[in-house]
Amino acid sequence: MDAPYSVQQLALVGSCFGVSAGKWFDPTTAARVLQHLVHTHAASIHGDRLRVYVAGSQATLEMDAISACARASSAAAEANQGESRGDLSQSLSDRPSGSVLLLVPLMLGAGAHANPSFLPALEHCFTLPWFLGIVGGKPSASLYFLGCQKQVKDKQRLVAFDPHVTQPALTSKTLWNADGLLSLRFNKPCLVDVGSLDPCAMLGFYCRNLEEVEQLYHATQWERLGMAAPFYWAERGSARCAGQDANVHVADDEDDEFTLVSIV
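Criteria and cut-off values
Residues numbered from 1 in each chain as written. Predicted model: local features only at pLDDT ≥ 70, side-chain atom pairs only at ≥ 80, totals over all residues. Heavy atoms only, no water. Helix = DSSP H or I, 4+ residues; strand = E, 2+ residues; numbered from the N terminus. Areas by Shrake-Rupley, 256 points an atom, 1.4 Å probe, with all protein chains shown as cover. Phe/Tyr/Trp six-rings, centres within 6.5 Å; stacked < 30°, edge-to-face > 60°. Buried < 20%, exposed > 50% of the residue type's maximum accessible area, 1.4 Å probe, protein only. Salt bridge = Lys/Arg side-chain N within 4 Å of Asp/Glu carboxyl O. Patch = residues over 30% accessible without salt bridge, like charges linked within 9 Å, V, L, I, M, F, W, Y side chains within 5 Å. Core = buried A, V, L, I, M, F, W, Y, C linked by side-chain atoms within 4.5 Å. Contact = heavy atoms within 4.5 Å. pLDDT = per-residue confidence, 0-100. Axes fitted to C-alpha atoms, helices over the stretch in contact; angles between N-to-C directions. Parallel < 35°, antiparallel > 145°, perpendicular 65-115°, else oblique. Left-handed = near helix turned anticlockwise from the far one by under 90°. Nonpolar A, V, L, I, M, F, W, Y, C, P; charged D, E, K, R; others polar. Pairing = 2+ DSSP bridges. Arc of directions from axis to C-beta.

1. A look at the overall build of the chain
Check the secondary structure of the chain and you find 7 helices and 10 strands. In the form shown here, the chain has an accessible surface area of approximately 14500 Å², with 55% of it arising from carbon and sulfur atoms.

This is the structure in structure tokens:
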């Protein structure tokens, strides 16, 4: 229960979003729960160097808001590091870089499987160094997709781990031995035809600094790539850091206006 990212903590925070223990987290709820836990433990675990941004409605990534997240992360980490040294005037090379975890909840169509038009873009994401993978599926059938296998018997396949693997609880005597620790990691991936991907999914990207956010932006210009866009980039005048960070102004989603800058 005391572990910051334990199943108990996930269920506890999930209840605040209206999902009772044992119920399925849809992609948006899962993203918000992770965001809350990361921000809650940002200082104690992550040295205030990490913030989480959750894409807004219509899977839109807002550059101003992401930049605000990274600046808030960098400023907090720099302040903490400066206080520990007793000096806030650090050289550029000593300043900690604000990093951002981008979570993009998606609904890739209304059918039983993802709309095929989005599949080339998803496959492209697996080639990007910032991409963490896809969490997707449906109740009791969610998978973590971490790779793409090219053209196996004329089919594209995704490499996935199934989190629905149970085992007897570890005791204090078995937890810290080699076998006990290894049992906490599932090392047998499965292969799933990309065409059978469920439309309900969440994408994850990790950028260590704003420069990498810019690189990700340019690498996912879907119109230039000739691909249907699973998510969009937007520019706005007012920045918003999803998660209501104290250092960033939070605007009302219902009143937000933005201009799409990448759309197919």
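2. Section: the packing of aromatic side chains
Applying the stated criterion across every chain yields a total of 6 aromatic pairs. Look at Phe205 and Phe231: their rings are 5.8 Å apart centre to centre, the planes differ by 70°, and that puts the pair in the edge-to-face class. With Phe205 in strand 8 (residues 200–207) and Phe231 in the loop between helix 7 (222–225) and strand 9 (232–235), the pair connects residues that are 26 residues apart, well separated along the chain. Per residue, the accessibility class of Phe205 equals that of Phe231, and both read buried.

3. Here's the deal with the pattern of salt bridges
Here the structure, examined in full by the defined rule, presents 2 salt bridges. Across the salt bridge formed by Arg157 and Asp193, the nearest N and O atoms sit 3.4 Å from each other. Of the two residues, Arg157 sits in strand 6 (residues 155–161) while Asp193 sits in strand 7 (residues 190–193), which places them 36 residues apart along the sequence. Judged by relative accessible area, which is 24%, Arg157 ranks as partly exposed. Between Glu212 and Arg208 there is a salt bridge whose closest N-O contact spans 2.6 Å. Of the residues examined, Arg208 reaches a relative accessible area of 52% and is grouped as exposed.

4. Describing a nonpolar patch on the surface
Taken together, Leu132, Val135, Tyr144, Leu146 and Tyr206 make up a surface patch of nonpolar side chains, about 400 Å² in accessible area. Of all the secondary-structure elements, those providing two or more residues to the nonpolar patch are strand 4 (131–136) and strand 5 (143–152). Topologically, Tyr144 is positioned in strand 5. According to the relative accessible area criterion, Tyr144 is partly exposed, its value standing at 34%.

5. Quick word on the nonpolar core
Of all hydrophobic cores here, the largest spans 47 residues; its most connected members are Val104, Phe145, Leu203, Phe205 and Phe231. For this core, the leading source of residues is helix 3 (residues 63–85), giving 5 residues. Beyond its immediate chain neighbours, meaning those up to four positions away, Phe205 contacts Val100, Leu101, Leu102, Val104, Cys125, Leu128, Trp130, Phe131, Leu132, Leu216 and Phe231. Core analysis: the second largest hydrophobic core is formed by 9 residues, Ala30, Val52, Leu101 and Leu103 among them.

6. Examining the confidence of the model for the chain
Of all residues in the chain, 73% have pLDDT values of 70 or greater, and the mean over the chain is 77. Predicted confidence is poor over residues 238–264, with pLDDT under 50, and the contacts of this stretch with residues over four places away or in other chains come to 67 contacts.

7. Observations regarding the packing of helix 1 (residues 7–16) against helix 2 (residues 27–40)
The N-to-C vectors of helix 1 and helix 2 enclose an angle of 110°; their axes lie 9 Å apart at closest approach. Taken together, the axes of helix 1 and helix 2 are roughly perpendicular relative to one another. In the packing of helix 1 onto helix 2, the handedness of the crossing is right-handed. In contact with Gln9, Leu10, Val13 and Gly14 of helix 1, helix 2 contributes Val33, Leu34, His36 and Leu37. Taken together, the residues of the contact of helix 1 with helix 2 sort by class into 5 nonpolar, 3 polar and no charged.

8. Topic: the pairing of strand 1 (residues 50–54)
Taken residue by residue, a regular strand's side chains alternate between the two faces of the sheet. Most of strand 1 is tucked away, with 5 of its 5 residues classed as buried. Here strand 1 shows a buried face lined by Leu50, Val52 and Val54 and a second buried face lined by Arg51 and Tyr53. Pairing analysis gives 5 bridges linking strand 1 to strand 3 (residues 99–107), with the strands arranged parallel. Among the inter-strand pairings, Leu50 is bridged to a residue of strand 3, identified as Ser99.

9. Some remarks on the environment of Phe205
Accessibility expressed as a relative area gives 0% for Phe205, which makes it buried. Residues Phe205 and Leu216, spaced 11 residues apart in sequence, show a C-alpha to C-alpha distance of 8.8 Å.

10. Some points on helix 1
For helix 1, the full list of buried residues reads Gln9, Val13 and Gly14. Buried residues along helix 1 cover an arc of 135° about the axis, so they all sit on one side. Against the buried residues of helix 1 lie helix 2. Just downstream of helix 1 lies Gly18, where phi reads positive at about 85°.

11. Things to note about unusual backbone geometry
For Ala59, which is not glycine, the phi torsion reads 50° and is therefore positive. Within the fold, Ala59 resides in the loop between strand 1 and strand 2 (60–62).

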